[in-house]
Amino acid sequence: MPLWKQRLFARLQAPEGDGGGGGGGGAGDPPKITPEVQALIDAAVATAVTGLKTKNGELIGDTKKLKEQLQAFEGIDPVKVKAILSRFANDEEAKLIAEGKIDEVLNKRTERMRADFEGKLTAATTTAEAAAKRALAFQGRVLDDAIRAAAAKAGLHQHAIDDALFRARSMFTLDDDGQAVQLGADGKPVLGKDGKSPFTPLEWLEGMKEKAPHWYPASASGGGAGGGGGGGGGAVKKAQEMTAQEKATFIGANGLDKWNEKVRTDYATKAK
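Per-chain numbering applies: the sequence of each chain, read as written, is numbered from 1 onward. Note on the predicted model: pLDDT of at least 70 is required for a residue's local features to be given, and 80 or more for side-chain atom pairs to be given and counted; whole-chain, interface and lining totals, by contrast, use all residues. Side-chain numbers here rest on the full set of heavy atoms in the structure, without hydrogens or water.

**Q** Run through the overall build of the protein, naming residues and quoting values.
**A** Here a helix means four or more residues in a row that DSSP labels H or I, a strand means two or more in a row labelled E, and each is numbered from the N terminus. For the protein, the count of helices and strands is 10 helices and two strands. For the protein, the α and β elements follow one another from N to C terminus as α-α-α-α-α-α-β-β-α-α-α-α. A buried classification covers 20% of the 272 residues belonging to the protein. Residue contacts are defined here by distance: any two heavy atoms, one from each residue, within 4.5 Å place the two residues in contact. Across the protein, every contact between residues at least 6 apart in sequence was considered, and the portion connecting residues at least 24 apart equals 50%. Using a 1.4 Å probe on the protein chains alone, a residue whose accessible area is under 20% of its type maximum counts as buried, one over 50% counts as exposed, and one in between counts as partly exposed.

This is how it looks when you write it as structure tokens:
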């Protein structure tokens, strides 16, 4: 038995007022522990130890159970979870769900998704329309340049090019290679005279020399109605004798000033 316990029991057994000098031995002698006292001590110690063992077992069991429960949350950040739960508690949808209004929650979500989709669709449509507009403008310039080049090669008067452009735009389009072609009812390019190559603006303009001779100089159209430098080799008609087409051919070949001069001269000659 430890010394401190022996001394404690010695003080408890000593009579009150005993100075420790008599009857019980010297002050330094350990007290005598009777069997009855020892039994009480052992019982007290056993009770204390049993309580500690029981409490320790409970703590170990609780710790084991807690570990098992925490395994279900392995890898989850408790701070983030707490924030989510806090937001969920204050969220409108959470309140609706708690009230059993599931359909209303679904409708709200559907509406948000629809609005988001429509916004993106509108933006995409606007972008596509702007791109298509730019592409059409670019194609128009390329087509006009192709027709102008063909007009120059065919020998059109400068003043006739705008008229030729106006007609050609309704006839020709650009293929995938950027070439001006005429499409048939089947959506395929119309073939030219050779039956192999696509019908071109140049071929069309060459054919217009008979249908629109006023687009060309008199020498190019084969007409003899030119005057004042027209150079057809035939008799020059008076202004009042010309058809509308011949007048247009004369103006195209010689210019408006020459035509006005011819009109004055021819009518003056008639007056004589």
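**Q** How would you sum up the packing of aromatic side chains? Please name residues and give values.
**A** In summary, the pairing rule links any two rings of Phe, Tyr or Trp, Trp by its six-membered ring, whose centres are within 6.5 Å, and it sorts them by plane angle into stacked for under 30 degrees, edge-to-face for over 60 and tilted for everything else. Inspection of the entire model under this criterion finds three aromatic pairs. Measuring from centroid to centroid gives 6.0 Å for Phe-172 and Trp-204, while their planes differ by 65°, and the two rings are edge-to-face. In this pair, Phe-172 is assigned in strand 1 (residues 172–174) and Trp-204 in helix 7 (residues 201–211), connecting sequence segments 32 residues apart. Judged by its relative accessible area of 8%, Trp-204 is buried. Between Trp-204 and Trp-215, the aromatic rings sit 6.0 Å apart at their centres with planes inclined by 70°, giving edge-to-face as the arrangement. Taken together, the residues Trp-204 in helix 7 and Trp-215 in the loop between helix 7 and helix 8 (218–221) connect sequence positions 11 residues apart. A relative accessible area of 0% places Trp-215 in the buried class. An aromatic cluster of at least three residues, connected via ring pairs, comprises Phe-172, Phe-199, Trp-204 and Trp-215.

**Q** Describe the layout of surface pockets, listing the residues and the values that go with them.
**A** The definitions used throughout rest on a 1 Å grid laid over the protein atoms alone, on which a cavity is an enclosed set of points accommodating a 1.4 Å probe that cannot get out and a pocket is an open set flanked by protein within 12 Å on both sides along at least five of seven lines; lining residues are those having an atom within 4 Å of a point. Grid points are joined across faces, edges and corners, and a volume is the space filled by probe spheres set on the points. One number sums up the size of the second largest pocket: a volume of about 170 Å³. Surrounding the second largest pocket, Ala-146, Ala-149, Ala-150, Lys-153, Gln-179, Ala-180, Val-181, Ser-197, Pro-198, Thr-200, Pro-201 and Leu-202 form its lining. Elements supplying a minimum of two residues to the lining of the second largest pocket: helix 5 (102–154), strand 2 (180–182) and helix 7. The element that contributes the greatest number of residues to the lining of the second largest pocket is helix 5, accounting for four residues.

**Q** Tell me about the environment of Ile-251, and name the residues and values.
**A** Along the chain, Ile-251 falls in helix 9 (residues 244–254). Take Ile-251: its relative accessible area is 28%, and that puts it in the partly exposed class. In this structure the C-alpha to C-alpha distance between Ile-251 and His-214, which are 37 residues apart in sequence, comes to 8.1 Å. When sequence neighbours within four positions are dropped, the list of residues in contact with Ile-251 reads Leu-256 and Trp-259.

**Q** Account for a nonpolar patch on the surface, naming residues and giving values.
**A** A surface patch of nonpolar side chains, amounting to about 260 Å² of accessible area, comprises Phe-73, Ile-76 and Val-81. Secondary-structure assignment places Ile-76 in the loop between helix 2 (35–71) and helix 3 (78–90). The exposure class assigned to Ile-76 is partly exposed, which follows from its relative accessible area of 42%. Like charges are joined within 9 Å and nonpolar side chains (Val, Leu, Ile, Met, Phe, Trp, Tyr) within 5 Å, but only among residues with over 30% relative accessible area and no salt bridge; these make up the patches. Note on areas: Shrake-Rupley, 1.4 Å probe, and residue coverage restricted to the protein chains presented here. Here, a salt bridge means any Lys or Arg side-chain nitrogen found within 4 Å of an Asp or Glu carboxyl oxygen.

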